[in-house]
Amino acid sequence: MTRRAAGAGVKRLALNGAGLLVALFAAFPVYWMIATSLKPSSEIFSSTPRPMPAEPTLEHYRQILTGNLIPGVTFADFFLNSAIVAVSTVLLSGLVALLAATAVARFRFTLRTSFLIMLLVVQMIPLEALVIPLFLMIQRLGLYNTLPSLILTYLGFSLPFAVWMLRGFVAAVPRELEEAAAIDGANRAQIFRRILFPLVAPGLVATSIFSFITAWNELIFALTFINDQERYTLPVAMTFFFGRDDTAWGPVMAASTLFTLPVIVFFLLVQRRMVSGLVAGAVKG
Amino acid sequence: MTTLTETPETSAARETPARRRRRVDRLPYLLLLPCLVIIGVLLLWPLGQVVAMSFYRLNNVRQLRGDREWPWVGLANYVEILGDPFFRTVLRNTVLFAAANVLLTMVLGTLVGLLLNRLGRKMAAFVASCVMLAWATPALTGTIVWKWIFDDTSGLVTWLFNALPDGLSQSLFGHSDWTGYGWFNSPLLFFSILTLVVVWHSFPFIAVSVLAGLKSVPSELHEAARVDGAGPWKVFWKVTFPLLRPVFGILIVLSTIWDFKVFTQQFVLAGGTQDRPTFMLSIYSYAEAFSPPPKYGLGASIAVILTLILLVVTGLYVRMVLKQEEDA
């Protein structure tokens, strides 16, 4: 009996040890990014790295936030460009996705299944393969070197998944509520605005966060469609200013931290739904 | 209710919402219209356009703007690409990289999923949160941090190797001073580090999905198998795996699609599009099209080849998802 208990103890210890190793592997780079961003340069470039900043400093943050990367342009400007693009994408894609999700979740119509299949298929289009034709389209539309070129592009990219995700939220709203409102004489627009919309709002937030992350993280298209440095989004600015050789790792890690933190916060809010959206019914909870 | 000839009783139900819904059946199409237009214009049209462009010689941005002729060259771009020995290198890189990454991501992700299922509640929550951090980190900044970890002067890995006893390092690697070592110089090392970065970023999704699947399997099944004397290896292959087969199927297909078109991590790790020996299809297509001198037609033909490969994988994925929606 005691031997078995000891065996179970060893097993538990081994499992917990493995768990700690996994946690270390997964979280270490994020920790290291933040730790490095807080170290003075002397500590960053010392020959024996310290696990923690001995004299934490915000000098790198101050440097990137106040220093001009090119004359008249600071990190904050790139942050703003990225925010404009991401927020516009979120608003447009949320609106369009809500309409489409309502159609799919609330109506039975002839092409419904075909539409759902198309949603799945277009999500699998390798976006990397669309850089060239979209570059052509952006040139033709005269949108080259403008932020709307990116908003338009990211709208297309985020929409299929947004509809796919939202349709579950719309379907979860009890139909009886709408029917009751209809009996009370509410018209379709009123039902949509007063009943459906408030109840779907949490789902809309989750979907919006997903669209936000898509737009915020995107690199290739932003690299290709924007020419003027002051219109760079953050990812482009980071690869352009910090991706070169003999890198100043302090400011780079400070910029990376500022870029990453909003994404991590948003991501943790919605990750549960991302799993169910991506695995689409394969996992029954 | 669905018959056209109605008895007096059913016609009394004429004003129910269901009835009303049937009358305005143009509404769903109106609601779908903006979505369809956007998907059509921004995804489907470009998909057709990339195929069209691959049949032209397009070497000038003016041609794209419509100011110059588009000379039709038929299959010449494809002939040029497929006949180029370099394309074979790129294809080999892409396939080997995707295969290795899918395998490693699946194995690590599944192991972590199984582990999370066995851990105590608090420990599982802690490990899961850490795993989420890796997933949530944008590919861009994740890659930049790994690049810093492999920095050749102050990077952590360089320091670790320098900290090895000189004799050991000498006998294993033939040198003991690692400062200035080119971690990204040989294609094999480059791909190993790229694999580390990509697996680090993608195993959390597999782990969380496998865990969600495990939670849905009645634990009695595992207990019964264990009571019958089956070891963990046997329990996994005889009980867990068959039950989660659909989940694994979808995860493998999704991972394959993602790992075939890795771009950001490679672009950042290689510092641009100059490192030709480590090219894979997506970055090859991009570099041909946009690195001067631009060859949009040639780049388009590579993009089409990449798309065709992924189309086959996607076909598998859609069949699996639809089958599950039917079974549900």
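Residues numbered from 1 in each chain as written. Chains lettered and ligands numbered in written order. Predicted model: local features only at pLDDT ≥ 70, side-chain atom pairs only at ≥ 80, totals over all residues. Heavy atoms only, no water.

- Looking at an unreviewed UniProt entry, chain B carries the name Sugar ABC transporter permease, with the source organism given as Micromonospora deserti.
- According to the UniProt record, the Sequence similarities (unreviewed entry) comment for chain B is "Belongs to the binding-protein-dependent transport system permease family."
- The heading Subcellular location (unreviewed entry) in the UniProt record of chain B holds the text "Cell membrane". (UniProt positions renumbered as here; feature names shortened; annotations may be inferred.)

## Side note on the overall build of chain B
- Regarding its fold elements, chain B presents 16 helices and 0 strands.
- Against the 2.2 N^0.38 benchmark of 20 Å for 328 residues, chain B shows a C-alpha radius of gyration of 27 Å, more extended than a compact globule.
- Counting only C-alpha atoms and orienting by the principal axes, one finds that chain B spans roughly 95 × 75 × 30 Å.
- Out of the 328 residues in chain B, the part that is buried amounts to 48%.
- The contacts of chain B with a sequence gap of at least 6 include a subset with a gap of at least 24, amounting to 63%.
- For chain B, the computed accessible surface area is about 15,800 Å², with 65% contributed by carbon and sulfur atoms. (Helix = DSSP H or I, 4+ residues; strand = E, 2+ residues; numbered from the N terminus. Rg over C-alpha atoms; globule rule 2.2 N^0.38 Å. Buried < 20%, exposed > 50% of the residue type's maximum accessible area, 1.4 Å probe, protein only. Contact = heavy atoms within 4.5 Å. Areas by Shrake-Rupley, 256 points an atom, 1.4 Å probe, with all protein chains shown as cover.)

## Points about helix 7 (residues 121-136) of chain B
- When the terminal C-alpha atoms of helix 7 of chain B are compared, their 22 Å separation across 16 residues agrees well with the 22 Å that a helix rising 1.5 Å per residue should span.
- Residues of helix 7 of chain B that are buried: Met123(B), Ala124(B), Val127(B), Cys130(B), Val131(B), Met132(B), Ala134(B), Trp135(B) and Ala136(B). (Expected span 1.5 Å × (residues − 1).)

## A few points about the interface of chain B and chain A
- Listed by partner, the interface residues are 100 residues for chain B and 99 residues for chain A.
- The contact between chain B and chain A buries some 8,900 Å² in all, and 80% of this surface belongs to carbon and sulfur atoms.
- For the pair chain B and chain A, the number of links is 0 salt bridges.
- For the side of chain B that touches chain A, the leading source of residues is helix 3 (residues 27-53) of chain B, giving 20 residues.
- When grouped by side-chain class, the residues that make up the side of chain B that touches chain A number 75 nonpolar, 17 polar and 8 charged. (Buried area = accessible area lost by both parts, 1.4 Å probe. Salt bridge = Lys/Arg side-chain N within 4 Å of Asp/Glu carboxyl O. Nonpolar A, V, L, I, M, F, W, Y, C, P; charged D, E, K, R; others polar.)

## A look at the UniProt feature "transmembrane region" (unreviewed entry) in chain B
Residue and element names in this part refer to chain B.
- UniProt annotation of "transmembrane region" (unreviewed entry) refers to residues 29-48, 95-116, 123-149, 188-214, 235-258 and 296-318 when read in the numbering used here.
- This span, residues 123-149, is 93% helix and 0% strand, and a straight line between its end C-alpha atoms measures 27 Å.
- Secondary structure across residues 296-318 divides into 100% helix and 0% strand, with the first and last C-alpha atoms of the span separated by 31 Å.

## Focus on the packing of aromatic side chains
- Overall, the coordinates contain 52 aromatic pairs over all chains when judged by the stated rule.
- Between Trp135(B) and Phe205(B), the ring centres sit 5.6 Å apart and the planes meet at 55°, which makes this aromatic pair tilted. Placement of Trp135(B) in helix 7 and of Phe205(B) in helix 11 (residues 187-216) is noted, with a sequence separation of 70 residues between them.
- Here Phe190(B) and Phe191(B) contribute two aromatic rings whose centre-to-centre distance is 5.9 Å and whose plane-to-plane angle is 80°, an arrangement assigned as edge-to-face. Like Phe191(B), Phe190(B) is buried.
- Over the ring of Trp164(A) we find Arg167(A); its NZ or CZ atom is 4.3 Å from the centre of that ring. (Phe/Tyr/Trp six-rings, centres within 6.5 Å; stacked < 30°, edge-to-face > 60°. Lys NZ or Arg CZ within 6 Å of the ring centre and 35° of its normal.)

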